[in-house]
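Coordinate analysis (summary)
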Amino acid sequence: MAKSLTTYLDELRDSRVWRSIFRSGPGQSNLHHALVVQSNVFLHLFSVKARKRVLDFSVTWYLGALTFGAFLILVITGVLLMLYYHPAVPLAYTDMKDLQFVVSSGVFLRNLHRWSAHAMVLLVFAHMFKVFYRGAYRPPREFNWVIGVVLLLVTLFLSYTGYLLPWDQLAFWAVTVGSNIASAVPVFGHRIRFLMLGGNLVNANALLRFYVLHCMILPLTAIFFIAIHFWRIRKDGGLYAGTPTTVAEKEGEA
Amino acid sequence: MANEAEREKHGDPDGSLNRRQFFVRIGLGSLAVAGAGTAVFAYQFLSPNVLYEPSPIVNAGKPESYPPDSVTLDPATGIFVAREAQGFYALSAVCTHLGCLTAWKPELGIIACPCHGSKFNRDGTKIAGPAPRPLPWLRMWLSDDGDLMVDRSSPMAVRQFVRI
């Protein structure tokens, strides 16, 4: 009789090459599952086990995971858009139009990037409301809330810097208004605006600065804080299960 | 031995530094100097020394090209040139609220900002809206060639008409 697929997979997992990459090897025990998570550089940010209840949809509405999903879509579509975009005046606008009308699937990627950006802002706020109303920000998770606020600001700055890149009228005036709001800061306002725009006008320097912020500095900042945010969930005792309110829940917890 | 560890940690009882504390202070001091240097370096690097921005001085053309009793917007330079019985004057068309370009509304006889609804009279005084200040008058003069010249970088405190 032919070997089953599971057997092949087990043999693969037991091979020397596989075990040199993933140390855990084959096995179905709890210890084995724990080792898989623990010995993986990405997965080890998370807990090796979670209470079944916290994985229910109603507990988190999966808002944090959905936000991260939107972020991943934005990174992938964003990198692809970079291949056809020159952050220069007046090329930026024509490149954006080329992405819409000339590049194969360009309009799909651009719209996916745009809608995911809107979705991410919405999801970040929804995630924060959910965390707030469940009381999941309370000790020992208070520092993770602070990191979440930093991530909210990074998300908003990403949206704002990305808004200039099409270099159309909407972008130009939005950033003119936004940079003038920044110049309302007492004493240093005009210096802040000058550094932000790399000049006195929203011009080629401003476009390039916003591009570098949007494609390098802010995404790297986001990844840095997302890693801490995920790791802190484990360190602060896993996802917040909440206080059981009904007798049935209390028995379920016990 | 305990005395030795105590000295290592807190220094001599008379307040003088031991070797370790001395080097820790040297190290922290160097880091502070390097940090301050990095801040100055970053600030200077991020401030461009040469800007390829248009000149603040604008040639607004011949006075005859403006009809009598008119307000004309030049969107490229962001100035209004107004001609009245008393003479010519130039206004900044950049809204004093958040920098949008205002427009002359001939049917209403006012200057209006499309962004947040500020309204100004044709002499720049504020009628309504979030704008905190009136539109400033800009220095205007007649060049040797007979062209109207406007300096966008020098708002005038006193109103002066250019008479032809």
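Coordinates for the structure precede this section.
Computed from a predicted model, the values in this text were never measured in an experiment.

What counts, and at which threshold
Residues numbered from 1 in each chain as written. Chains lettered and ligands numbered in written order. Predicted model: local features only at pLDDT ≥ 70, side-chain atom pairs only at ≥ 80, totals over all residues. Helix = DSSP H or I, 4+ residues; strand = E, 2+ residues; numbered from the N terminus. Rg over C-alpha atoms; globule rule 2.2 N^0.38 Å. Buried ≥ 20, exposed ≤ 12 C-beta atoms within 10 Å, placed from the backbone. Contact = placed C-beta atoms within 7 Å. Arc of directions from axis to C-beta. Pairing = 2+ DSSP bridges. Core = buried A, V, L, I, M, F, W, Y, C linked by C-beta atoms within 7 Å. Axes fitted to C-alpha atoms, helices over the stretch in contact; angles between N-to-C directions. Parallel < 35°, antiparallel > 145°, perpendicular 65-115°, else oblique. Left-handed = near helix turned anticlockwise from the far one by under 90°. Nonpolar A, V, L, I, M, F, W, Y, C, P; charged D, E, K, R; others polar. Expected span 1.5 Å × (residues − 1).

Notes on the overall build of chain B
When helices and strands are tallied, chain B shows 2 helices and 10 strands. Scaling as 2.2 N^0.38, a compact globule of 164 residues should have a C-alpha radius of gyration of about 15 Å, whereas chain B reaches 30 Å, well beyond that. Each of the 164 residues in chain B was classed as buried or not, and the buried ones make up 20%. Residue pairs in contact within chain B that sit at least 24 positions apart in sequence constitute 36% of those at least 6 positions apart.

Quick word on the overall build of chain A
Each helix and strand counted, chain A has 12 helices and 0 strands in total. Starting at the N terminus and walking to the C terminus, you meet the elements of chain A as α-α-α-α-α-α-α-α-α-α-α-α. When its C-alpha atoms are laid out on the principal axes, chain A stretches across 70 × 50 × 30 Å. Counting across all 254 residues of chain A, residues that qualify as buried make up 21%. Summarising the internal contacts of chain A: among those between residues at least 6 apart in sequence, 63% fall at separations of at least 24.

Here we look at helix α10 (residues 189–197) of chain A
All names here are of chain A. If you check which residues of α10 are buried, you get R193, M196 and L197. Each buried residue of α10 lies within a common arc of 85 degrees when the element is viewed along its axis, so the set occupies one face. Each element contacted by the buried residues of α10 is listed here: α9 (169–182) and α11 (204–235).

A look at the pairing of strand β4 (residues 87–92) of chain B
All names here are of chain B. Along β4, 5 of the 6 residues are buried, which leaves the element largely enclosed by surrounding structure. Two strands pair when backbone bridges link them, and strand β3 (residues 79–84) and β4 are joined in this way by 6 bridges, in the antiparallel orientation. The residue bridging A82 from the neighbouring strand is Y89, located in β4. Connecting β3 to the antiparallel partner β4 that follows it, the hairpin turn spans 2 residues. Pairing geometry for β4 and strand β9 (residues 137–142), over 2 bridges, is antiparallel.

Focus: the nonpolar core
Of all hydrophobic cores here, the largest spans 20 residues; its most connected members are B:I79, B:F80, B:V81, B:A90, B:L91 and B:V150. Taken together, the elements giving at least two residues each to this core come down to β3, β4, β9 and β10 (148–156) of chain B. Formed by 18 residues, the second largest nonpolar core is a distinct cluster that contains A:L81, A:M96, A:W167 and A:L207.

Notes on the pairing of β9(B)
All names here are of chain B. By the bridge criterion, 6 bridges tie β9 to β10 in an arrangement that is antiparallel. Paired with L138 across the strands is P155, a residue of β10. In this antiparallel pair of consecutive strands, β9 and β10, the connection spans 5 residues, and G146 shows a positive phi of 85 degrees.

Notes on the sheet that holds strand β5 (residues 103–105) of chain B
All names here are of chain B. Reading across from one edge, β5-β6-β7-β8 is the order of the 4 strands in this open sheet, with antiparallel pairing throughout. The outermost strands of the open sheet, each flanked by one partner alone, are β5 and β8 (126–128). Bridge analysis of strand β7 (residues 119–120) against β8 gives 2 bridges, and the strand direction is antiparallel. Looking across to β8, one finds that K119 is bridged to A128.

Topic: the sheet that holds strand β2 (residues 70–74) of chain B
Residues and elements named next belong to chain B. Sheet architecture is open: 6 strands sit in the order β1-β10-β9-β4-β3-β2, paired in antiparallel fashion. Looking at strand neighbours, the two that pair on one side only are β1 (57–59) and β2, the edges of this open sheet. The average undirected angle you get between the axes of adjacent strands in this sheet is 30 degrees.

Some points on the environment of A:L158
Residue and element names in this part refer to chain A. Relative to the elements of secondary structure, L158 occurs in helix α8 (residues 142–164). As for L158 and V187, which are separated by 29 residues in sequence, their C-alpha atoms are 26 Å apart. For L158, the residues in contact, after removing those within four places along its chain, are H214 and L218.

A closer look at the packing of helix α5 (residues 63–82) of chain A against helix α7 (residues 106–134) of chain A
Residues and elements named next belong to chain A. The N-to-C vectors of α5 and α7 enclose an angle of 155 degrees; their axes lie 8 Å apart at closest approach. In terms of their interaxial angle, α5 and α7 are classed as roughly antiparallel. Pair α5 / α7 crosses with left-handed handedness. Across the contact of α5 with α7, the residue classes tally to 16 nonpolar, 7 polar and 2 charged.

Quick notes on helix α2 (residues 19–46) of chain B
Over its 28 residues, α2(B) extends 40 Å from the first C-alpha to the last, a length consistent with the 40 Å expected when each residue adds 1.5 Å. Counted residue by residue, α2(B) has 0 buried out of 28 residues, so it is predominantly exposed.

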